[in-house]
Amino acid sequence: MPLRNRVTPFGEIVAVAGRGTLTGNRGVLHDAHQNIVRDSQVRRWIACRLEFRGRQRTIMSPGSWTELFFLDEAAAFAAGHRPCAECRHADFVRFQAAWRRVYPDARPLADVIDTRLHAERRLGPWQKRSYSADIETLPSGSYIKLEDRAWLVLGNSLRAWSADAYHDRRPRPPTGSVVVLTPPSIVGVLHAGYVAAVHPSGAG
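The structure displayed is predicted, hence computed values, not measured ones.

Trainee: Mind laying out the layout of surface pockets, listing which residues take part and the relevant values?
Mentor: Approximately 490 Å³ is the volume found for the largest pocket. Every element with two or more residues in the lining of the largest pocket is listed here: strand 3 (22–25) and strand 4 (46–48). Broken down by class, the residue content of the lining of the largest pocket amounts to nine nonpolar, three polar and seven charged. Approximately 230 Å³ is the volume attributed to the second largest pocket.

As structure tokens, this is what we get:
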């Protein structure tokens, strides 16, 4: 049985097969029996490399941060995570540069970014914050909700999220209001030139 540590673009933590391409951290979310008991412990929600400098961890060790897993960076962004400043330092620097273009009057320090994103990604515990926008305004890498499913905006098409790959696709509507899952500041970062990494199944 898979552990409950996969994160959907809705920000939900579920038990499904498929580890994905990134891991992440929101603090200690599990108890001594590896049960998820909270959705967040800290404001610093990060997305990390699966491997870094040969470090080894035992999944869901008591008292240690909970290892979460994402299909790809676009899905991590939709859930409200940003690049880790340590194991993905180059990506974080690119993210900071794009953030500065969105908010030129604010220093793009990690704490500043995390505080803003924490307000944008959730209404409260286990409550995802979403909003409406015209689909024609959304950059590639954004996630939207259609028919109770999460869809990745990618060029002129939409790709349906699943735990292991993008299987279903459909044309992107040219106009129309949609529910957006990706926090608005991250949508701004994507508009400002940051390219979110997408699972290989989303290519083509």
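Trainee: Describe the packing of helix 2 (residues 89–102) against helix 4 (residues 184–191), and please don't skip the residues or the numbers.
Mentor: If you want to describe how two helices pack, look at the angle between their axes and the distance between the axes. Direction vectors running N to C along helix 2 and helix 4 enclose 100°, while the axes themselves pass 8 Å from each other. One finds that helix 2 runs roughly perpendicular with respect to helix 4. On the side of helix 2, the interface is formed by Phe95, Ala98, Trp99 and Val102, while helix 4 contributes Ser185, Ile186, Gly188 and Val189. Considered class by class, the residues forming the contact of helix 2 with helix 4 number six nonpolar, two polar and no charged.

Trainee: Let's hear about the nonpolar core: which residues, and what values?
Mentor: The tendency in soluble globular proteins is for nonpolar side chains to be buried as a group. Within the largest apolar cluster, 24 residues are counted, with the highest numbers of intra-cluster contacts made by Phe77, Phe95, Tyr143, Trp161 and Tyr194. Counting residues per element, the ones that place at least two in this core are helix 1 (73–79), helix 2, helix 3 (110–121), strand 11 (149–154) and helix 4. Aside from chain neighbours lying at most four places away, what touches Phe77 is Arg82, Pro83, Phe95, Thr182, Pro183, Ile186, Leu190, Tyr194 and Ala196. Judged by nonpolar contacts, the second largest core, of 12 residues, contains Leu146, Trp151, Ala160 and Val178.

Trainee: Tell me about unusual backbone geometry, residues and numbers included.
Mentor: Of note in this structure, Gln34 is not a glycine but carries a positive phi near 65°. Position of Gln34 relative to the elements: it lies in the loop between strand 3 and strand 4. According to the relative accessible area criterion, Gln34 is partly exposed, its value standing at 30%. Non-glycine residue Glu147 carries a positive phi angle of around 50°. Residue position: Glu147 is located in the loop between strand 10 (143–146) and strand 11.

Trainee: Please set out the sheet that holds strand 10 residue by residue, giving values where relevant.
Mentor: Reading across the sheet, the six strands line up as 9-14-10-11-12-13 and stay open at both edges, with antiparallel pairing between neighbours. Edge positions in the sheet fall to strand 9 (131–134) and strand 13 (169–171), since each has one partner strand and no second. The average undirected angle you get between the axes of adjacent strands in this sheet is 40°. In terms of strand pairing, strand 12 (residues 157–160) meets strand 13 through three bridges, oriented antiparallel. When the bridges of strand 13 are listed, Ser157 appears paired with Pro171.

Thresholds, definitions, all that
- Residues numbered from 1 in each chain as written.
- Predicted model: local features only at pLDDT ≥ 70, side-chain atom pairs only at ≥ 80, totals over all residues.
- Heavy atoms only, no water.
- 1 Å grid on protein atoms, 1.4 Å probe; cavity = no way out; pocket = protein on both sides within 12 Å on 5 of 7 lines; lining within 4 Å.
- Points joined across faces, edges and corners; volume = space filled by probe spheres on them.
- Helix = DSSP H or I, 4+ residues; strand = E, 2+ residues; numbered from the N terminus.
- Nonpolar A, V, L, I, M, F, W, Y, C, P; charged D, E, K, R; others polar.
- Axes fitted to C-alpha atoms, helices over the stretch in contact; angles between N-to-C directions.
- Parallel < 35°, antiparallel > 145°, perpendicular 65-115°, else oblique.
- Contact = heavy atoms within 4.5 Å.
- Core = buried A, V, L, I, M, F, W, Y, C linked by side-chain atoms within 4.5 Å.
- Buried < 20%, exposed > 50% of the residue type's maximum accessible area, 1.4 Å probe, protein only.
- Pairing = 2+ DSSP bridges.

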